[in-house]
Amino acid sequence: SFRSSIGLMDIKPVGWEQIGGLEDVKLKLKQCVEWPLKFPHDFARMGLKQPKGLLLYGPPGCAKTTLVRALATSCHCSFVSVSGADLFSPYVGDSEKVLSQVFRQARANTPALVFLDEIDSVLGSRSVGTLGCDAQERVLSVLLNELDGVGVRTVERRGTKSDHQEYQEILNQNVMIVVATNRPDVLDDALLRPGRLDKMIYVPPPDQEGRLSILKLCTNNMPIGPDVSLEKLAAETCFFSGADLKNLCKEAALAALQENGLEATTVKEGHFAESLRTMKPSLNLEFYT
Ligand code: ATP
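Residues numbered from 1 in each chain as written. Predicted model: local features only at pLDDT ≥ 70, side-chain atom pairs only at ≥ 80, totals over all residues. Heavy atoms only, no water.

*Asks:* Account for unusual backbone geometry, with residues named and values stated.
*Replies:* The omega torsion of the bond from T110 to P111 falls at -5°, within 30 degrees of zero and hence cis. Take P111: it is sitting in the loop between α5 (95-108) and β4 (112-117). One non-glycine residue, L22, adopts positive backbone phi at about 55°. Phi is positive for A63, close to 85°, though the residue is something other than glycine. For A63, the position within the fold is in the loop between β2 (53-57) and α3 (64-74). (Helix = DSSP H or I, 4+ residues; strand = E, 2+ residues; numbered from the N terminus.)

*Asks:* Mind laying out the side chain of T181, listing which residues take part and the relevant values?
*Replies:* Its place among the elements puts T181 in strand β5 (residues 175-181). Since its relative accessible area comes to 1%, T181 is described here as buried. Among the polar contacts listed, one links the side chain of T181 to the backbone nitrogen of R183, at a separation of 2.9 Å. Not counting residues up to four positions away in its chain, the partners in contact with T181 are L55, L56, Y57, G58, K64, D120 and L187. (Buried < 20%, exposed > 50% of the residue type's maximum accessible area, 1.4 Å probe, protein only. Polar contact = N/O pair within 3.5 Å; in protein donor to acceptor, adjacent residues only side chain to side chain. Contact = heavy atoms within 4.5 Å.)

*Asks:* Before we move on, can you summarise the nonpolar core with the specific residues and values?
*Replies:* With 28 residues, the main nonpolar core has L29, L54 and L67 as its most contacted residues. The residues contacting L67, other than those within four sequence positions of it, are W16, I19, L22, V25, K26, L29 and V203. In this structure, V102, V142, I177 and A190 belong to the second largest nonpolar core, which totals 26 residues. (Core = buried A, V, L, I, M, F, W, Y, C linked by side-chain atoms within 4.5 Å.)

*Asks:* Outline the pairing of β4, supporting the account with residue identities and numerical values.
*Replies:* Counting buried positions along β4 gives six out of six residues, so the element sits mostly inside the fold. Residues A112, V114 and L116 of β4 are buried on one face, and the alternating residues L113, F115 and D117, pointing to the opposite face, are buried as well. Here strand β3 (residues 78-83) pairs with β4 via six bridges, running parallel. For V80, the partnering residue across the bridge sits in β4 and is V114. As defined by bridge partners, β4 adjoins β5 across five bridges and the pair is classed as parallel. In the sheet register, V114 faces β5, and the bridge partner there is I177. (Pairing = 2+ DSSP bridges.)

*Asks:* Summarise the packing of helix α9 (residues 208-218) against helix α11 (residues 242-260); cite the residues concerned and give the values.
*Replies:* It is at 9 Å that the axes of α9 and α11 come closest, and there the two elements cross at 40°. In terms of their interaxial angle, α9 and α11 are classed as oblique. For the element pair α9 and α11, the recorded crossing hand is right-handed. Mapping the contact onto sequence places R211, I214, L215 and C218 in α9 and G242, L245, K246, L248 and C249 in α11. (Axes fitted to C-alpha atoms, helices over the stretch in contact; angles between N-to-C directions. Parallel < 35°, antiparallel > 145°, perpendicular 65-115°, else oblique. Left-handed = near helix turned anticlockwise from the far one by under 90°.)

*Asks:* Could you give an account of the packing of α11 against helix α12 (residues 269-278), naming the residues involved and the relevant values?
*Replies:* Between α11 and α12, the least distance of the axes is 8 Å, while the angle of their chain directions is 120°. One finds that α11 runs oblique with respect to α12. α12 is crossed by α11, and the crossing has right-handed handedness. Packed against α11, whose contacting residues are L248, C249, E251, A252, A255, A256, E259 and N260, the element α12 presents H271, F272, E274, S275 and L276 at the interface. Across the contact of α11 with α12, the residue classes break down as seven nonpolar, three polar and three charged. (Nonpolar A, V, L, I, M, F, W, Y, C, P; charged D, E, K, R; others polar.)

This is how it looks when you write it as structure tokens:
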């Protein structure tokens, strides 16, 4: 699956519009990754640089991974990904070698976006980590080296080349790192020093309006009956993550199939209600404070 594969990936393009709500977050991502790539001179003139590393944090199932895929799509970057679980899997070998390999692949396929998902399990402060202390130390040191070494070239105006050529050159040297975590509090401080993961973006759980957008997206290709009010559902799904909402819609469609067999043509109010009764939201008040 997408999540458990390591390394260079041929991602299915994801458009920003496939992500419900989170308009502020989308804008921030565009501002700090897409714009500097597209308008390097304007950024340089304003004394701005592209961050080398980004940290996305927030509750599980609320679109962090999907946002990074949309970012890679809109920047036309290759997407190289590894998760904490991959890194400490007994099947993949030495964690730090795997991580180095990921960065080698990124450098061979620039412009590239390296995505390190659920990384707190590996890079959490010593007590929280799941790897042995030594292995964790070695993984952290690979990552810090890469953060210090990977180039986002500073842009200088050179008159001889077309903007397009220069844009291509900048792209070709670019490796950008995005780290996602549910637990920013446990990350090693060294990662958060200036010049490393120097931009932190909070990806919040969806509010009612966000839930409505997500529900609309999830039922886009679903024959929902006229009795279904997505507005009402959005109001009733406090503490549901985006992933939960997606599941809710899927379960409702399955309930319709179960009730009417393969003749089923509509997903009705009752199916959503049934699905809602059986589902527990994965978030709680903690994630909203
Ligand atoms: P985790 O922390 O568990 O890795 P995540 O924050 O990376 O989760 P995703 O993997 O991006 O979350 O999302 C999980 C699923 O929920 C995806 O299938 C995604 O399509 C859906 N989803 C979550 N939030 C949204 C949203 N705002 N709009 C559309 N789909 C969403």
